[in-house]
Structures are given as C-alpha cells and as structure tokens.
Amino acid sequence: MTRRLEAGRLVVASHNEGKVHELRVLLEPYGLELVSAKELDLPEPEETGTTFFFNAELKARSAADLSGLPAISDDSGICVEALGGEPGVYTANWAETDGGRDWMLAMSRVQERLEALGPGVSRAAYFACVLCVVWPDGHVESFEGRAEGSLVWPPRGERGFGYDPVFVPQGYDQTFGEMDPEEKHRISHRAAAFAKLKAALL
Ligand code: IMP
C-alpha cells in the first residue's frame, strides 16, 4: 500500500547543489524540513545500477539507513535519441575529470558524438528523472518523469545546472539555462516526477 509522507525532517540523498535546491523549492511548501546528505556528512554511495530506478533507490536507501530518517533521492540524466539513449544513467560520468565534474566538457562530448554521425542527425533528447523515497524500515516509493526536447549548440544561458544550457524543451525557444527558473520548475522532468509523487504521497 502507498505510504504518505508526513511533515517533518526529510533527507535529500544528494550532494548535488542544483538538485537539492530544486527539491527544496518543490517540497518545502508541504511542511517538510529538508536536510541534505552533505549537511549530515553522509557518504555518496557508488551508483552501480544500470537504470534510473535502481540508482535512485540505492541512494535513498543508503541515506535512510544511515540517518534513521525518511530520505528522498533523484536520479536523472539526459538521453539522446541518436546516441541510443546515451549518456542516460551515465550522464554525470561524462562530466568526470581528475579535478571534479566539468559540465562544459560533458556537453562537448555529446556534441562531438552527434557531429561524428554527420549532418542531419536527429538532435532529439529527453531528460529523465526518478524520484524515490525510502523510509528507515525499508518501504520504497518511486516515480518517473520526463521532459522531451532537443539539443542545441553552442550552449546558451547561465541559469540552472548540468546540461541545462544545451536543452530546449519541446514547444519553447529558450534553453533550460536561459529560462526563468520558475518556468523550468513547471515543465521539467523533475516537476513531472514530482507531480506523480505529490498525487501519491503528499
Ligand atoms: P545523477 O542523477 O547524480 O547520476 O546525475 C545526473 C546528472 O544529470 C546531473 O549531475 C546533471 O548533470 C544531469 N541533470 C539531471 N537533471 C538535470 C537538470 O534538470 N538540468 C540539467 N542537467 C541535469
């Protein structure tokens, strides 16, 4: 049976400031006091799964086990049609460098792979997001949302995070990086997953 999320402390199982901020905006109106895994000094588990669902559950379970509080996680990424869905669950890995994550490098890698396929290649892509809540007793609830769109080059806009500057959502001219954050929060993959979570748990 679905379990409702009661007001109180909720751990955000992420060290990614962009995601923590977006989840705070979405969840704080519901009387939830969000504390991030980074604030609690919780380790980041290795994401060993090959699906967004698996990795989301793994992160929330680790945070709930270690904190004794319910935890919410977000596993997300960008899936590019012409690249067979890559980078997908490996979206963050494409940004890894010895000096930390470099999003400009990650976006350039996607662009180079598309250019290698020749002119006229489809630039269709979607962002996917799985939000997962795990309670300390092991109960799990997961929800997936998507935002369809296409990739542009060069990157545009200073807002948002990650791949936002190269993604134009369907029906819009601006990238997520140029758009008013409130507009992004209304139409994003995270908003779509959150709408399902809200209907079920809040
Ligand atoms: P993970 O879920 O921690 O494996 O990381 C997924 C990566 O996908 C993030 O670090 C971002 O680079 C990218 N990503 C996920 N959601 C968004 C978004 O809303 N905008 C831009 N990039 C995103």
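Check the entry above for the structure.
Procedures and definitions
Residues numbered from 1 in each chain as written. Predicted model: local features only at pLDDT ≥ 70, side-chain atom pairs only at ≥ 80, totals over all residues. Heavy atoms only, no water. Helix = DSSP H or I, 4+ residues; strand = E, 2+ residues; numbered from the N terminus. Contact = heavy atoms within 4.5 Å. Near = heavy atom within 4 Å. Polar contact = N/O pair within 3.5 Å; in protein donor to acceptor, adjacent residues only side chain to side chain. Areas by Shrake-Rupley, 256 points an atom, 1.4 Å probe, with all protein chains shown as cover. Expected span 1.5 Å × (residues − 1). Pairing = 2+ DSSP bridges. Axes fitted to C-alpha atoms, helices over the stretch in contact; angles between N-to-C directions. Buried < 20%, exposed > 50% of the residue type's maximum accessible area, 1.4 Å probe, protein only.

Observations regarding the environment of F143
Turning to step 1, where the next piece is worked out: In this fold, F143 is placed in strand β7 (residues 140-151).
Turning to step 2, where the next piece is worked out: Along the backbone, F143 and A192 are 49 residues apart, and their C-alpha atoms lie at a distance of 8.9 Å.
Turning to step 3, where the next piece is worked out: Dropping the residues within four chain positions of it, F143 is found in contact with F53, C129, V130, L131, A193, K196, L197, A200 and L201.

Some points on the site of the ligand
Turning to step 1, where the next piece is worked out: Of all residues adjacent to the ligand, which total 19 residues, the nearest are K19, S76, D164, K184 and R190.
Turning to step 2, where the next piece is worked out: Between the ligand and S76 there is a distance of 3.0 Å, counted from an oxygen atom to a backbone nitrogen or oxygen.
Turning to step 3, where the next piece is worked out: In the environment of the ligand, a nitrogen atom lies 3.1 Å from a nitrogen or oxygen atom belonging to the side chain of H189.
Turning to step 4, where the next piece is worked out: In isolation the ligand offers 490 Å² of accessible surface; the protein chains occlude 97% of this area.
Turning to step 5, where the next piece is worked out: Only β3 (71-80) and α5 (189-201) provide two or more residues apiece to the shell around the ligand.
Turning to step 6, where the next piece is worked out: Here the shell around the ligand gets four residues from one element, more than from any other, and that element is β3.

Examining the environment of E28
Turning to step 1, where the next piece is worked out: In this structure, E28 sits in the loop between α1 (17-27) and β2 (32-36).
Turning to step 2, where the next piece is worked out: Separated by 41 residues in sequence, E28 and L69 have C-alpha atoms that sit 16 Å apart.

Focus: α5
Turning to step 1, where the next piece is worked out: The end-to-end C-alpha separation of α5 is 18 Å, in line with the 18 Å expected for 13 residues at 1.5 Å each.
Turning to step 2, where the next piece is worked out: Where α5 is buried, its residues contact α1, β3, β6 (124-134), β7 and α4 (181-187).
Turning to step 3, where the next piece is worked out: Near the N-terminus of α5, the side chain that reaches the backbone nitrogen of R190, with its oxygen 3.2 Å away, is that of S188.

Details of the sheet that holds β2
Turning to step 1, where the next piece is worked out: With mixed pairing, six strands are arranged side by side in an open sheet as β2-β1-β3-β6-β7-β8. In the strand order of this sheet, the two ends are held by β2 and β8 (167-169), each with one partner. Put simply, the sheet's adjacent strands are angled 35 degrees from each other on average, direction ignored.
Turning to step 2, where the next piece is worked out: Sheet topology places strand β1 (residues 8-12) next to β3; two bridges connect them, and they run parallel. Residue pairing in the sheet places V11 in a bridge with A71 of β3.
Turning to step 3, where the next piece is worked out: Here α5 sits on the sheet in contact with β3, β6 and β7, set at roughly 155 degrees to β7.

Things to note about α1
Turning to step 1, where the next piece is worked out: Burial in α1 covers these residues: G18, K19, V20, E22, L23, L26 and L27.
Turning to step 2, where the next piece is worked out: Structurally, the start of α1 carries an N-cap: the backbone nitrogen of G18 is 2.9 Å from a side-chain oxygen of N16.

Shape is all these values report; function is a separate question.
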